[in-house]
Amino acid sequence: MSLVVQKYGGTSVGDAARIRSVAKRVAERRVSGDSVVVIVSAMGHTTDELIRLSTEVSPHHHPREMDMLLTAGERISMALLAMAIRDEGVEAMSLTGSQAGILTDTSHGQAKIREIKPMRVVEGLESGKVVIVAGFQGVSPDTKEITTLGRGGSDATAVAMAAALEADVCEIYTDVDGVFTADPRVVPEARKLDEVSYDEMLELAAAGARVLMPRSVEFGKRFNVPIHVRSSFHDRPGTWVKESAMEQAVVSGVAHDTSEAKLTVRGIPDTPGVAAAIFTALADAGISVDIIVQNVSSGGLADISFTVPRDVLGQAVPITREVAAGKKAASVEVDEAIGRVSIVGSGMRSYPGVAAKMFSVLAGAGINILMISTSSIRTSCVIAEARVEEAARLLHAAFQPPTAPGEL
Ligand code: ADP
Ligand code: ASP
Ligand code: MG
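All values derive from a computational prediction rather than experimental measurement. Residue numbers run consecutively from 1 along every chain, following the written order of its sequence. Lettering for chains starts from A, numbering for ligands starts from 1, and both go in the order in which the items are written. Side-chain atom pairs in this predicted model are given and counted only at pLDDT of 80 or more, local residue features only at pLDDT of at least 70, and totals for whole chains, interfaces and linings cover all residues. Each side-chain value is derived from all of the structure's non-hydrogen atoms; neither hydrogens nor water enter the calculation.

As a packed pair, helix α5 (residues 154-165) and helix α7 (residues 214-223) sit with axes 8 Å apart at the nearest point and diverge in direction by 15 degrees. If you check the angle between α5 and α7, you find them roughly parallel. The chirality of how α5 crosses α7 is left-handed. Contacts between α5 and α7 involve D155, A156, V159, A160 and A163 from the former and S216, F219, G220 and F223 from the latter. When its residues are assigned to classes, the contact of α5 with α7 shows 6 nonpolar, 2 polar and 1 charged. Under this scheme, a helix contributes an axis fitted over its contacting stretch, all axes are lines through C-alpha atoms, and angles between N-to-C directions fall in the 0 to 180 degree range. Helix and strand definitions follow DSSP, with helices as H or I runs of at least four residues and strands as E runs of at least two, each counted in order from the N terminus. When an angle is under 35 degrees it counts as roughly parallel; over 145 it counts as roughly antiparallel; between 65 and 115 it counts as roughly perpendicular; any other value is oblique. By convention the crossing between two helices is left-handed if the near helix lies anticlockwise of the far one by an angle smaller than a right angle, and right-handed if it lies clockwise. Contacts are residue-level and defined by heavy atoms, with any inter-residue pair within 4.5 Å sufficient. Each residue receives one of three labels: charged for Asp, Glu, Lys and Arg, nonpolar for Ala, Val, Leu, Ile, Met, Phe, Trp, Tyr, Cys and Pro, and polar for the others, Gly being one of them.

Shown next, in the form of structure tokens:
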């Protein structure tokens, strides 16, 4: 008998029939003797719909009320799933994030889980119930306010809850068969990986493979929670995310992302403290910056380019303009039509030439590289948004991940 935490994403609980089929799967698992905690996402596109509705009602930013609004999505699915599981003859109870003891920091919209005090979850399990917890939400003990964890946050709820309960496994049920070598909706030849290491999955997720939220992988790695990403449509095994995958592929996968925008501060005096001023102001506003490139030209002036999530551009642009003006920069340019394509693989660190091959593939298709960033197991290029999907397909065809060392 084991303790399993299962998470069902939006498509998997998208309508009444899907909820009933999830309920059957959960009830069967419970009847077979396992203790089961279920984390649910909001149904289908509920979260997007609620965001759209809020922009129709008000053009302004209301962080607290936004979290009150969005957490309603997961409350709907948790209650409906509890009803459907009870109809299968298995006791079930739903809990909000706050009732389940998910304690976060105070930041609305992108709160971080600080601690989980799962007393009510444990009580429910001890009385034989399936416990259903609303994903993506928590409560700040400091402000007593309800918070959300950022898009895709139910993955983080699931893995963090699995860690807190010392569960045997965290199963992430989604609308694809597992983690693929690229987004299977964009690269039809993408192959399912049987396993992938936490480090590679972290890089893939951060590079845009949204099948797992990056923070969920961080929890998995930190608390050594085995994560099984699998389909909610059938019972075949998916992908295991765990400490070290057996083979060290040179390239395990290709990821792409079109959620960022590029800002360039032009002609800023090349003196100490300029970068510190820009990025301190952005950090103080809670804006995370991804790639940063600085070029110094001969006249003692520098250009600094960096990327930020598009959905915070409205805050990032005025902050950057203000600092740039204070430092006597010539101008600030904004480019929203960019995207990022990345290759990831643990074996990459021992094989020179991988990045060079990536650049050659892009050059061969006439795709201009705007920015480059690397880690020891990832190389990313920022390119025009319009070419991103094509670039992902070309790189996948060129590297054929998972790439064995001899195949490069
Ligand atoms: P859920 O609602 O279940 O959380 P998401 O839409 O957040 O599902 O994540 C699953 C989606 O992630 C898939 O439908 C797929 O299009 C996308 N995806 C992107 N990259 C990958 C990848 N490398 N492997 C699998 N899926 C990926
Ligand atoms: N419903 C939230 C979202 O759409 C959280 C999640 O699905 O993980 O981002
Ligand atoms: Mg998701």
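Right, let's get into the environment of L204. Tracing the sequence through the fold places L204 in helix α6 (residues 198-206). For the pair L204 and H256, spaced 52 residues apart in sequence, the C-alpha to C-alpha distance is 8.8 Å. Aside from chain neighbours lying at most four places away, what touches L204 is A209, G253, V254, A255 and V344.

Quick look at the nonpolar core now. Counting 69 residues, the largest nonpolar core has V37, V121, M161 and M201 as its most contacted members. The contact partners of M161, leaving out residues within four places of it in the chain, are V5, V37, I39, A100, I102, I116, P118, V121 and V133. Within this scheme, the nonpolar core is defined by two criteria: the residues are buried Ala, Val, Leu, Ile, Met, Phe, Trp, Tyr or Cys, and they are joined through side-chain atoms within 4.5 Å. Burial classes follow relative accessibility: with a 1.4 Å probe on protein chains only, a residue under 20% of its type's maximum area counts as buried, one over 50% as exposed, and anything between as partly exposed. Membership of the second largest hydrophobic core comes to 24 residues, among which are Y8, I19, M78 and Y173.

With that settled, consider the packing of aromatic side chains. For any two aromatic rings, the description comes down to two numbers: the centre-to-centre distance and the angle of the planes. Working definition: rings of Phe, Tyr and Trp (its six-membered ring) pair if their centres are within 6.5 Å, and the pair is stacked with planes under 30 degrees apart, edge-to-face with planes over 60 apart, and tilted otherwise. Tallying each qualifying case throughout the model produces 3 aromatic pairs. Relative to Y173, the ring of Y8 lies with its centre 4.7 Å away and its plane at 10 degrees, an arrangement referred to as stacked. Of this pair, Y8 sits in strand β1 (residues 3-8) while Y173 sits in strand β9 (residues 169-174), placing them 165 residues apart in sequence. When sorted by exposure, Y8 lands in the same class as Y173, which is buried. Ring centres of F219 and F223 lie 6.5 Å apart, and the angle between their planes is 20 degrees; on these two criteria the pair is classed as stacked. Linking F219 with F223, this pair stays in helix α7, spanning 4 residues, or about one helical turn.

Of all the positions in α6, only Y198, E200, M201, E203, L204 and A205 are classed as buried. Phi for G208, located one or two positions after α6, is positive at around 120 degrees.

This next bit is on the site of ligand 1. It suffices for a single heavy atom of a residue to lie within 4 Å of a molecule or strand for the residue to be listed as near it. Close to ligand 1 lie 16 residues, the nearest being T174, D175, F180, D183 and R185. Side-chain atoms alone can form a polar contact between residues adjacent in sequence; in general such a contact is a pair of N or O atoms within 3.5 Å, and within protein one must be able to donate a hydrogen while the other accepts it. K7 is positioned with one of its side-chain polar atoms (N or O) 3.0 Å from an oxygen atom of ligand 1. Within the backbone of G10, a nitrogen or oxygen atom sits 3.1 Å from an oxygen atom of ligand 1. Here ligand 1, which alone exposes 570 Å², has 90% of that area covered by the protein. Of the residues that constitute the shell around ligand 1, the class distribution is 7 nonpolar, 4 polar and 5 charged. The Shrake-Rupley method, run with a 1.4 Å probe sphere, supplies the accessible areas, and residue values consider only the shown protein chains as cover.

Strands sit in the order β15-β16-β14-β17 across an open sheet of 4 strands; the sheet is antiparallel. Bordering the open sheet on either side are β15 (292-296) and β17 (331-335), each of which pairs with just one other strand. Sheet twist, expressed as the mean angle between neighbouring strand axes with direction ignored, is 15 degrees. Pairing of strand β14 (residues 260-269) with strand β16 (residues 301-309), which is carried by 8 bridges, proceeds in the antiparallel orientation. The partner of V265 across the bridge, within β16, is I304. Of the strands in this sheet, β14, β15 and β16 touch helix α8 (residues 274-284), which is tilted by about 20 degrees from β16. Docked against the sheet, helix α9 (residues 313-326) engages β14, β16 and β17, running at close to 5 degrees with respect to β14. For two strands to count as paired, DSSP must find a minimum of two bridges between them.

α9 packs onto α8 with a crossing angle of 150 degrees between their chain directions and a minimal axis gap of 9 Å. Classified by the angle between their axes, α8 and α9 sit roughly antiparallel to one another. Crossing handedness for the pair α8 and α9: right-handed. Touching A277, I278, A281 and L282 of α8 are A316, I319, T320 and V323, all from α9. Class assignment for the residues of the contact of α8 with α9 results in 7 nonpolar, 1 polar and no charged.

Attention now moves to the pattern of salt bridges. By definition here, a salt bridge exists when the distance from a side-chain nitrogen of Lys or Arg to a carboxyl oxygen of Asp or Glu is within 4 Å. Overall, the coordinates contain 24 salt bridges when judged by the stated rule. In this structure, the salt-bridge partner of R52 is E56, at a minimum N-O distance of 2.4 Å. A residue pair is termed a helical-turn pair when its members lie 3 or 4 positions apart in one helix, as R52 and E56 do in helix α2 (residues 46-57) at 4 residues. Here R52 falls in the partly exposed class, since its relative accessible area comes to 37%.

What follows covers the site of ligand 2. Around ligand 2, the neighbouring residues are S41, A42, T47, E74, F136, R151, G152, G153 and S154. G152 places a main-chain nitrogen or oxygen 2.9 Å from an oxygen atom of ligand 2. Relative to its unbound accessible surface of 260 Å², ligand 2 loses 86% to contact with the protein.

Interpretation note: all reported values are geometric properties and have no functional meaning in isolation.
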